[in-house]
Amino acid sequence: MTYEDWFREDRLPHIYCVGCGNGTVINCTLSAVDQMGWNKEETVFVSGIGCSSRAPGYIVTDSLHTTHGRAIAFATGIKMANPDLKVIVFTGDGDLAAIGGNHFIHGCRRNIDLTVVCMNNMIYGMTGGQGSPTTPPGALSTTTPYGSREAAFDLCGLAAAAGANYVARYTSYHVTELTRAVRAGLESPGFSFIEALVQCPTNYGRRNKFRQVLDQIEYFKSHALLVQKANRMREEGKKIPDDMIIIGELARRNRPALGVRK
Amino acid sequence: MQGNTACAEGALAAGCRFFGGYPITPSTEVAEHMALKLPKTGGVFIQMEDEIASIAAVIGASWTGMRAMTATSGPGFSLMMENLGFAVMTETPCVVVNIQRGGPSTGQPTMAAQGDMLQCRFGSHGDYSAIALSPASVQEMYDLTAEAFNLADRFRIPVFVMADEIIGHMREKLVVPDTVLRVDRKPLQKGNLPFRADDDLVPGFPTFGKGYGVHVTGLTHDERGYPCATSPSVHEDLVKRLVDKVESARDAIASCDIVNPEAQVVFISYGAPSRAVQQVLHDTRRDDVGHLRLKLVWPFAESLLSRFPDAETFIIPELNLGQISREIERHTDRTVIPVPKLGGALHDPSDLAGLLEEVA
Ligand SMILES: Cc1ncc(C[n+]2csc(CCOP(=O)(O)OP(=O)(O)O)c2C)c(N)n1
Ligand code: SF4
Ligand SMILES: [Mg+2]
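**So, the site of ligand 1**
Around ligand 1, a shell composed of 17 residues is seen, among which Cys-51, Ser-52, Asp-95, Gly-125 and Met-126 of chain A lie nearest. Those chains with residues close to ligand 1 are chains A and B. Here Ser-52 of chain A contributes a side-chain N or O atom positioned 2.7 Å from an oxygen atom of ligand 1. In this structure, an oxygen atom belonging to ligand 1 sits 3.0 Å away from a main-chain N or O atom of Ile-123 of chain A.

**Quick word on the coordination of the magnesium ion (ligand 3)**
Residue and element names in this part refer to chain A. Coordination of the magnesium ion (ligand 3) by the protein comes from Asp-93 (OD), Asn-121 (OD1) and Ile-123 (O), over a distance range of 2.1 to 2.2 Å. Of note, the donors binding the magnesium ion (ligand 3) are all from one chain and are spaced D-x27-N-x1-I. On the criterion of sequence distance, the pair formed by Asp-93 in helix H3 (residues 93–99) and Asn-121 in the loop between strand E4 (115–120) and helix H5 (155–162) is long-range, its members being 28 residues apart. Using a relative accessible area of 8% as the deciding quantity, one classes Asn-121 as buried.

**A closer look at the site of ligand 2**
Inspection of the region around ligand 2 gives Tyr-16, Cys-17, Cys-20, Cys-51, Asn-121, Gly-125, Cys-200, Pro-201, Thr-202 and Asn-203 of chain A as its neighbouring residues. A breakdown of the residues in the shell around ligand 2 according to their chemical character gives six nonpolar, four polar and no charged.

**Description of a nonpolar patch on the surface**
On the surface, a nonpolar cluster with roughly 230 Å² of combined accessible area is contributed by Ile-15, Ile-49 and Met-126 of chain A. Classification of Ile-15 of chain A by relative accessible area gives partly exposed; the value is 40%.

**Topic: the confidence of the model for chain B**
Scored by pLDDT, chain B has a mean of 98; 100% of the residues are at 70 or more. In the predicted assembly, ipTM is 0.98 and pTM is 0.98.

Reading guide: rules and limits
- In this convention, every chain numbers its residues from 1, walking through the sequence in written order.
- The lettering of chains begins at A and the numbering of ligands begins at 1, in the order of writing.
- It should be noted that, the model being predicted, local features are given only for residues of pLDDT at least 70 and side-chain atom pairs only at 80 or more, the latter also being counted only at that level, while totals for whole chains, interfaces and linings use all residues.
- Each side-chain value is derived from all of the structure's non-hydrogen atoms; neither hydrogens nor water enter the calculation.
- Definition of nearness: a residue and a molecule or strand are near each other if at least one heavy atom of the residue lies within 4 Å of the molecule or strand.
- The term polar contact refers here to a pair of N or O atoms within 3.5 Å; inside protein, the definition further demands a hydrogen-donor-capable atom paired with an acceptor-capable atom, and it admits residues adjacent in sequence only when both atoms are side-chain atoms.
- Water is not among the atoms examined, so metal sites may look incomplete; donors are the N, O and S atoms within 2.8 Å of the metal, or within 3.2 Å for Na, K and Ca.
- Numbering goes from the N terminus for both helices and strands, where a helix is a DSSP run of H or I of at least four residues and a strand is a run of E of at least two.
- Each residue's exposure class comes from its accessible area (1.4 Å probe, protein chains only) as a fraction of the maximum for that residue type: buried when under 20%, exposed when over 50%, partly exposed otherwise.
- The residue classification treats Ala, Val, Leu, Ile, Met, Phe, Trp, Tyr, Cys and Pro as nonpolar and Asp, Glu, Lys and Arg as charged. All others, Gly included, are polar.
- Only residues whose relative accessible area exceeds 30% and that form no salt bridge are eligible for patches; like-charged ones are grouped when within 9 Å, while nonpolar side chains (Val, Leu, Ile, Met, Phe, Trp, Tyr) are grouped when within 5 Å.
- The Shrake-Rupley method, run with a 1.4 Å probe, gives the accessible areas here. Residue values count only the displayed protein chains as cover.
- A carboxyl oxygen of Asp or Glu within 4 Å of a side-chain nitrogen of Lys or Arg is what we treat as a salt bridge.
- Looking at any residue, its pLDDT shows the predictor's confidence there, from 0 to 100.

In structure tokens:
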């Protein structure tokens, strides 16, 4: 099989805009699932609300497209009730970190055996480009027309601090690494969190000086800093510029997990 | 046994194997008893981070085929409203117990009320119908909770057990039946579209993990389960079916006790105030006074009113400002006398007897 065998072909065309980064993340995730050799019957996708959360509707497995922010809570019920199911959550930055923030940290704390993939476009895509908890300071959105004055959440830092077993961050530029990270998340028992920074040309890029889709992907490439290198720089007392994106595996440990068969 | 414990025992007897909840007075004993008992039956108890997560987890568990429930009171019930609408739209069977307390807001945590009777019917956005049961004894906490699971599975909706602090915390004798009648959700026949209803307006259930490959969404969807959110006819047909599958069965599922059907004056009650009415009937021994005690409040079956053909007056004591009186007024041309009561205490039977003297 390839990742393409997991698509629900009778639902195409999809709703995503041309150049949207979500498709890359869906492909990487399905490649990783496919590499695991999992059956479609035992795999369940769960999501909340947003462009990112529409992903399960395009996948042939059982899937639950729930309410805004609550995907992890629904997925917790599925996984606790039937630990034989492999449960993967697709979410967005608003879905996960704003309205769903509490479920996110409690999922990490419980270390419930889910793999959560967040498509972080730093904006509310579906509702037309409002600021989100990951909108960078100074960035423009329809609700921060003079530039955001709030700090952005470090989603991976949050997941690691709250107790997730596996935490990694990549971007839509890092297709190979992202696929490998999702796979590592699927393999790891307990809560796995993979953050994928993605371009939203329609609602983020065009307001924030990324005139072409490739401009933002180029930015991801030039601003990515591998965590090992970042650690070395810190040890050497070098300052890491605020706009660098720390990528790589940010946590990997083996706390006891919930929702696994004893 | 305590009412809340009987509720949990009834759920277990009905085969409930998943409880997701968040502590709140006066419902907490239901969760505590489930926490004690579920692990011993191979079931799952999980204390979630709030009531939104509790009902979410219950809905998720239900999609794996488990009978699942939660229990709460007013503030938690309010938090559940959005996801209850999701359960209605996705046709997810589940049971929600509300041990009602005085509201609005934090109100009276330890005092009884029936103030959520309209919220359970109308509280989530959009048009839908609901099933609500109202136990009036410890025995009924057991019996009606067990029955709630059958109704939830049959109609594929959330079913509400709308008890109150008095019934939840009262202690009475419980007779545990040898067996509890169990009628499970019908499975989806392979090859059928997952959201195409049968003649009973309810589609078969495609349990997750069985190879159905079903997409379940709260968006308006077609019979394949696929989002179809801009077609007026798909939306209208879906919402009307969701309402009709319950409303068309309201006479069939009506459940009540009827006393003195030839009476001219008839008390109508549900839940705790039924106890005061029963006392009045016992004390006055008048056979021109009747009693309609609703065990199933929603959907209200107006045909029950014609079971009292000579009735001239309906007296309706409630622990709210007349929530169900309003529903009954809309179905009758007889005199309706609401007897609202707030504050947590039950109606005094002698007050009701006095009212009876004035009326007839
Ligand atoms: C309770 C609730 N509040 C608000 C909304 C409106 N809404 C839909 S999507 C969305 C934001 C989604 O942002 P994000 O999670 O970042 O997803 P994206 O579209 O960017 O992928 C909002 C606020 C909703 N559906 N439900
Ligand atoms: S609005 Fe943004 S996130 Fe949504 S589909 Fe378009 S590009 Fe993608
Ligand atoms: Mg977003």
